[in-house]
Amino acid sequence: MSWLILILSGALEAVWAAALHRTFQASGRRRLAPALLFMVSVLASMAGLAIAMQSIPTGTAYAVWVGVGVVLTSAYAILTRAERPTTARLLLLTGIAACVVGLKVVA
Amino acid sequence: MGKSSVSWLLLLASAVLEAVWATALGQSEGFTRPLPTMVFAVTATLSMIGLGLAIRSIPLGTAYAVWVGIGAALTVGWAMSTGVEPFSVLKVLFIAGIVGCAAGLKSLPAGSNTEPTTDDTPASGTVAVRPERL
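Residues numbered from 1 in each chain as written. Chains lettered and ligands numbered in written order. Predicted model: local features only at pLDDT ≥ 70, side-chain atom pairs only at ≥ 80, totals over all residues.

Student: What should I look at first to understand the overall build of chain B in this one?
Tutor: The secondary structure content of chain B amounts to four helices and zero strands. Starting at the N terminus and walking to the C terminus, you meet the elements of chain B as α-α-α-α. Relative to its full complement of 134 residues, chain B shows a buried share of 40%. Put simply, of all contacts in chain B between residues at least 6 apart along the chain, 66% involve residues at least 24 apart. (Helix = DSSP H or I, 4+ residues; strand = E, 2+ residues; numbered from the N terminus. Buried ≥ 20, exposed ≤ 12 C-beta atoms within 10 Å, placed from the backbone. Contact = placed C-beta atoms within 7 Å.)

This is the structure in structure tokens:
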């Protein structure tokens, strides 16, 4: 159950990052919907991480949460053409994700 | 160019705050302790605002990865330098890897549709699409 909450929280990371992106791109009233989505998803994501951390070791929980978040956020950015998926960018993104996971697993 | 530098500074500042809230979240024990919970709420809010401002000119995936990576590197680096966590060569290597990858991402052309750049030609055949790497 904790693991399911953790993975869902990681997925919500990508949701809030995307909503944050839209909030700062839109103007006036059109900001309202993405801003609300951002608030709800970021709170749910943090709460889920906090709940998962009570039964999964902090380092492991954080690593999984971050890994899912980075992969899904990049996938969203690439699918919506907000970001070009060049080989160099994908390698560097993978590098960051791998190092964060490694760091937390070693710790 | 100046706008981009400001965005990267904002992003780094947000990453520092991310390390603060991540530490506070760990100490809040499920939001049951008031002080860490308050520190978490304030720093998390500021960190998100900074990230939001930064992604107006830095591509989303890149900004998010740098934000998270620098935050994690600082959290562990700080814990090691204060003696909370034992020193380890592997950890230092991973931290160096994160910083190196973040610096590499900064050196790439923006590639964002939100900001018109001279080299932003969507139909360009030079863009290598390698979705299998995801």
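After that view, the rundown keeps rolling.
Student: How should the overall build of chain A be read in this particular structure?
Tutor: If you tally the helices and strands in chain A, you get four helices and zero strands. Counting only C-alpha atoms, chain A reaches 45 × 35 × 20 Å along its principal axes. Residues classed as buried in chain A amount to 51% of the 107 residues present. Counting only contacts in chain A whose residues sit at least 6 apart along the sequence, the fraction spanning at least 24 positions is 75%.

Student: Where do I start with the nonpolar core in this structure?
Tutor: A general trend in soluble globular proteins is that nonpolar side chains are found buried together. Counting 73 residues, the largest nonpolar core has Ile-96 and Val-100 of chain A together with Ala-63 and Ile-98 of chain B as its most contacted members. Elements with a minimum of two residues in this core: α1 (2-25), α2 (32-53), α3 (58-79) and α4 (87-106) of chain A together with α1 (2-27), α2 (34-54), α3 (60-81) and α4 (89-107) of chain B. If we skip the residues at most four places from it in the chain, Ala-63 of chain B touches Leu-11, Leu-51, Ala-54, Ile-55 and Ile-58 of chain B. (Core = buried A, V, L, I, M, F, W, Y, C linked by C-beta atoms within 7 Å.)

Student: Would you mind showing me how to read the packing of α4 of chain A against α4 of chain B here?
Tutor: For any two helices packed against each other, one specifies the inter-axial angle together with the distance between the axes. The geometry of α4 of chain A relative to α4 of chain B is characterised by a closest axis approach of 9 Å and an angle of 155° between their N-to-C directions. Comparing the axis directions of α4 of chain A and α4 of chain B gives the class roughly antiparallel. In this structure, α4 of chain A meets α4 of chain B at a crossing whose hand is left-handed. Contact with α4 of chain A, carried on its side by Arg-89, Leu-92, Gly-95, Ile-96, Cys-99, Val-100, Gly-102, Leu-103 and Val-106 of chain A, involves Leu-90, Lys-91, Phe-94, Ile-95, Gly-97, Ile-98, Cys-101, Ala-102, Gly-104 and Leu-105 of chain B of α4 of chain B and no other residues of that element. (Axes fitted to C-alpha atoms, helices over the stretch in contact; angles between N-to-C directions. Parallel < 35°, antiparallel > 145°, perpendicular 65-115°, else oblique. Left-handed = near helix turned anticlockwise from the far one by under 90°.)

Student: What's the story with the interface of chain B and chain A in this structure? I'm lost.
Tutor: Interface size is often expressed as the accessible area that is lost when the parts come together. Contact with chain B, which involves 45 residues of that partner, is made by 45 residues of chain A. The set of elements that each furnish at least two residues to the side of chain B that touches chain A consists of α1, α2, α3 and α4 of chain B. Considering each element in turn, the side of chain B that touches chain A owes the most residues, 10 residues, to α4 of chain B. Broken down by class, the residue content of the side of chain B that touches chain A amounts to 26 nonpolar, 14 polar and five charged. (Nonpolar A, V, L, I, M, F, W, Y, C, P; charged D, E, K, R; others polar.)

Student: Where do I start with the environment of Ser-7 of chain B in this structure?
Tutor: With respect to the element layout, Ser-7 of chain B can be found in helix α1. On the basis of neighbour count, Ser-7 of chain B is assigned to the buried category, with 20 C-beta atoms found within 10 Å.

Student: Help me understand α2 of chain B in this model?
Tutor: Note: α-helices contain 3.6 residues per turn, so residues at a spacing of three or four share the same orientation. Spanning 21 residues, α2 of chain B covers 30 Å between terminal C-alpha atoms, matching the ideal 30 Å at 1.5 Å per step. Against the buried residues of α2 of chain B lie α1 and α2 of chain A together with α1 and α3 of chain B. (Expected span 1.5 Å × (residues − 1).)

Student: What is the right way to look at the environment of Thr-23 of chain B in this model?
Tutor: Residues and elements named next belong to chain B. With respect to the secondary-structure elements, Thr-23 resides in helix α1. Look at Thr-23 and you get buried, because 20 C-beta atoms sit within 10 Å. Note: C-alpha distance between Thr-23 and Ala-79 (56 residues apart in sequence) is 9.7 Å.

Student: What is the right way to look at the confidence of the model for chain B in this model?
Tutor: Caution applies to low-pLDDT regions: their predicted coordinates should not be interpreted in detail. All names here are of chain B. In the predicted model, chain B carries a mean pLDDT of 77, and 81% of its residues have values of at least 70. Per-element confidence in chain B is highest for α2, whose mean pLDDT is 92, and lowest for α3, whose mean pLDDT is 83. Across the interface, the model reports ipTM at 0.78; the global pTM reads 0.73. (pLDDT = per-residue confidence, 0-100.)

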